[in-house]
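# Structural features, examined
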Amino acid sequence: MEIIAILVVHVSADCMDSTDPPVVVTVAETAPEAAEEPEEPENERIEAALLARAHVIEDCVVTFYCNERYPHICGVGDGIAADGTPALSWATCAVDPDVIPLGSTILVDLGDGYALRTLVANDTGVKGNHLDICVSSHAEAEQLGRQTATVYWTEETK
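The notes below deal with the structure included here. (Residues numbered from 1 in each chain as written. Predicted model: local features only at pLDDT ≥ 70, side-chain atom pairs only at ≥ 80, totals over all residues. Heavy atoms only, no water.)

## So, the overall build of the chain
- A tally of regular secondary structure across the chain gives 2 helices and 8 strands.
- For the chain, the succession of helices and strands along the chain, N to C, is β-β-α-β-β-β-β-β-α-β.
- Sequence separation of at least 24 residues holds for 71% of the intrachain contacts in the chain that already meet a minimum separation of 6.
- Taken as a whole, the chain presents about 10,500 Å² of accessible surface, with 54% of it coming from carbon and sulfur. (Helix = DSSP H or I, 4+ residues; strand = E, 2+ residues; numbered from the N terminus. Contact = heavy atoms within 4.5 Å. Areas by Shrake-Rupley, 256 points an atom, 1.4 Å probe, with all protein chains shown as cover.)

## Some details on the side chain of Asp-123
- Mapping Asp-123 onto the fold places it in strand β6 (residues 117–123).
- Residue class for Asp-123 comes out buried when judged on its relative accessible area of 11%.
- For Asp-123, the side chain forms a polar contact with the main-chain nitrogen of Ala-82, separated by 3.0 Å.
- Sequence-distant contacts of Asp-123, that is, excluding residues within four places in its chain, are made with Tyr-65, Ala-81, Ala-82, Thr-92, Cys-93, Ala-94, Val-95 and Leu-102. (Buried < 20%, exposed > 50% of the residue type's maximum accessible area, 1.4 Å probe, protein only. Polar contact = N/O pair within 3.5 Å; in protein donor to acceptor, adjacent residues only side chain to side chain.)

## Quick look at the packing of aromatic side chains
- Using the criterion set out here, one finds 1 aromatic pair in the structure.
- With 6.0 Å between their ring centres and 55° between their planes, Phe-64 and Trp-90 make a pair best called tilted. Separated by 26 residues along the polypeptide, Phe-64 in strand β3 (residues 55–66) and Trp-90 in the loop between β3 and β4 (92–94) bring together distant segments of the chain.
- Classification of Phe-64 by relative accessible area gives buried; the value is 8%.
- You can call Trp-90 partly exposed: its relative accessible area is 24%.
- It is Arg-117 that lies over the ring of Trp-90; its NZ or CZ is 4.2 Å from the centre. (Phe/Tyr/Trp six-rings, centres within 6.5 Å; stacked < 30°, edge-to-face > 60°. Lys NZ or Arg CZ within 6 Å of the ring centre and 35° of its normal.)

## A word on the sheet that holds strand β8 (residues 147–154)
- Pairing within the closed barrel is mixed, and its 6 strands lie in the order β3-β7-β4-β6-β5-β8. Averaged over all pairs of adjacent strands, the angle between their axes in this sheet comes to 45°, without regard to strand direction.
- Both β3 and β8 contribute to a ladder of 6 bridges, which runs antiparallel. Across the sheet, Val-61 pairs through a bridge with Thr-148, a residue of β8. (Pairing = 2+ DSSP bridges. Axes fitted to C-alpha atoms, helices over the stretch in contact; angles between N-to-C directions.)

## A short note on unusual backbone geometry
- Look at Asp-59: it is not a glycine, yet its phi comes out positive at around 50°.
- Here Asp-59 falls in the exposed class, since its relative accessible area comes to 60%.
- A positive phi angle, close to 55°, is found at Trp-90, a residue other than glycine.

## Focus: the environment of Cys-66
- In this structure, Cys-66 sits in strand β3.
- Sequence separation of Cys-66 and Glu-140 is 74 residues, and the distance between their C-alpha atoms is 7.8 Å.
- The contact partners of Cys-66, leaving out residues within four places of it in the chain, are His-72, Cys-74, Cys-134, Val-135, Ser-136, Ser-137, His-138 and Ala-141.

Written as structure tokens, this is what we have:
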């Protein structure tokens, strides 16, 4: 259904020349169509596809390290992951390449109310069923501590 309104505006003689025509403004509004089924969000479809082909590690140890740029317990402080890329907060994680190949996509459920977190296995420095997630500060890494979580990973093909 389409609704059209036409508004004719007459301006006083003080404001316009008497030879000027009146100002006509047309406003059109379209009524909303019948509601369609909402489309499944793209991120949910991608996540479902990844999970369908993922390997699963139950009760995986999850720790956290920071990418602060000074040498300390979290690392050498250069901000570079083992594969030569920058270590990015909540995007990079360290794995044991004998368990999870470098470059793999990681999905982890930390049970913190967020959806599955998506990371890339760009770094090393842990052994066994252990995931070390890069975060922005040393204080955040300490606050998050040591947890266990279900980890899903898919090896990226070249």
